[in-house]
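Residue-level listing of the chains:
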Amino acid sequence: MTRGVFITFEGADGCGKTTQIELLKKYLDEKKIKNIQTREPGATELGVELRKILLHYEKPVSDVAETFLYLADRAQHIEFEIKPMLDDGYIILCDRFIDSTVSYQGYARKQDINQIKKLNEIATKGLKPDLTIVFDIESEVAQKRLQGEKDRLEKEGLEFHKALRFGYLELAKEEPNRIKVINANDTIENIHKKVIELISRYI
Ligand code: TMP
């Protein structure tokens, strides 16, 4: 059995990545390529509980506590979902992963970036995605796209969202082989084509 492929999708809230993951899943299903869609936080049973706290807990949450909750979700996800599915040959399409923690808890919450990277390594036991696609969009445009009731992170202001966008772009500069940036201020069809181009060498 050959190992699968681990692809992660990143970007600010409102960047359109979930729509793109669903389109890609449909594309792979039609081609009968074994794949699975997952997400962070909230892919495991424990993760579902952590997601409720992370997105909707109403009292103040310390930045460090927030970081560890995301990491707890990730450790559970890696051990019981991602690692076994990779070993089983799946193409894994994961909505958010390590780069969200560096960008949100590191750059946007202004915590030590290197420490967050080390904590990520512990949570993942060193497993990194084969490919990460960042959907880049001006923070003002992304914020306008968010409709309905906002969760705890979405409620943060423009400065927070600009800092996390900067974080994603810095990460892409540091790891150009793994992290590819797509302009998300484009039509759904054009973005989908670019996603297919990027993943084609892995399928
Ligand atoms: P989403 O499922 O709508 O993307 O919501 C998840 C939220 O959690 C989103 O606002 C980004 C945030 N997040 C972090 O702040 N750090 C993380 O490590 C992850 C995975 C998500």
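For the structure itself, consult the block above.
The shown structure was predicted, so the numbers you read here are calculated from the model rather than taken from an experiment.

## Some points on the site of the ligand
- Lining the immediate environment of the ligand, one finds 14 residues, of which Asp13, Tyr70, Arg96, Thr101 and Gln105 sit closest.
- In the model, an oxygen atom of the ligand is placed 2.7 Å from a nitrogen or oxygen of the tyrosine 70 side chain.
- Between a nitrogen atom of the ligand and a side-chain N or O atom of glutamine 105, the distance comes to 2.8 Å.
- Here the ligand loses 92% of its free accessible area of 480 Å² to cover by the protein chains.
- Elements represented by at least two residues in the shell around the ligand include exactly helix H2 (45-56), helix H3 (63-87) and helix H4 (98-108).
- A total of four residues in the shell around the ligand trace back to one element, the largest contributor, which is H4.
- Looking at the shell around the ligand residue by residue, the classes come out as five nonpolar, three polar and six charged.

## Section: the side chain of glutamate 154
- Looking at the element boundaries, glutamate 154 is found in the loop between helix H6 (139-145) and helix H7 (158-174).
- No salt bridge is formed by the buried glutamate 154; the nearest opposite charge belongs to arginine 96, separated by 7.0 Å.
- When neighbours within four sequence positions are excluded, glutamate 154 is seen to be in contact with Asp13, Gln143, Leu146, Glu149 and His161.

## Details of the sheet that holds strand S3 (residues 91-95)
- Spatial strand order, S2-S3-S1-S4-S5: five strands in an open sheet with parallel pairing. Each having just a single partner strand, strand S2 (35-39) and strand S5 (179-183) make up the two edges of the open sheet. Averaged over all adjacent pairs, the angle separating strand axes in this sheet is 20°, with direction ignored.
- When strand S1 (residues 5-11) meets strand S4 (residues 131-136), the two strands line up parallel, connected through five bridges. Bridging across to S4, phenylalanine 9 finds its partner in isoleucine 133.
- Strands S1, S4 and S5 of the sheet are contacted by H4, whose axis makes an angle of about 25° with S1.

## Structural notes on the pairing of S4
- For S4, the buried fraction is high: six of the six residues fall into the buried class.
- Residues of S4 alternate between two faces, with Leu131, Ile133 and Phe135 on one and Thr132, Val134 and Asp136 on the opposite face, all of them buried.
- Across five bridges, the pairing between S4 and S5 is parallel. Bridge assignment links aspartate 136 to a residue of S5, and that residue is asparagine 183.

## Regarding helix H5 (residues 113-124)
- For H5, spanning twelve residues, the distance from its first C-alpha to its last is 17 Å, which sits close to the expected 16 Å at 1.5 Å a residue.
- Within H5, the full set of buried residues consists of Ile113, Ile116, Asn120, Ala123 and Thr124. The arc that holds every buried residue of H5, seen down its axis, measures 85°, which confines them to one face. Exposed side chains of H5 directed beyond 90 degrees from the buried face belong to Gln115, Lys118, Glu121 and Ile122.
- Taken together, the buried residues of H5 touch H3 and H4.
- N-capping of H5 is provided by aspartate 112, with a side-chain oxygen placed 3.0 Å from the backbone N of asparagine 114.
- Positioned one or two residues after H5, lysine 125 has a phi angle of 55°, which is positive.

About the thresholds
- Residues numbered from 1 in each chain as written.
- Predicted model: local features only at pLDDT ≥ 70, side-chain atom pairs only at ≥ 80, totals over all residues.
- Heavy atoms only, no water.
- Near = heavy atom within 4 Å.
- Polar contact = N/O pair within 3.5 Å; in protein donor to acceptor, adjacent residues only side chain to side chain.
- Areas by Shrake-Rupley, 256 points an atom, 1.4 Å probe, with all protein chains shown as cover.
- Helix = DSSP H or I, 4+ residues; strand = E, 2+ residues; numbered from the N terminus.
- Nonpolar A, V, L, I, M, F, W, Y, C, P; charged D, E, K, R; others polar.
- Buried < 20%, exposed > 50% of the residue type's maximum accessible area, 1.4 Å probe, protein only.
- Lys, Arg positive; Asp, Glu negative; His and termini not counted.
- Salt bridge = Lys/Arg side-chain N within 4 Å of Asp/Glu carboxyl O.
- Contact = heavy atoms within 4.5 Å.
- Pairing = 2+ DSSP bridges.
- Axes fitted to C-alpha atoms, helices over the stretch in contact; angles between N-to-C directions.
- Expected span 1.5 Å × (residues − 1).
- Arc of directions from axis to C-beta.

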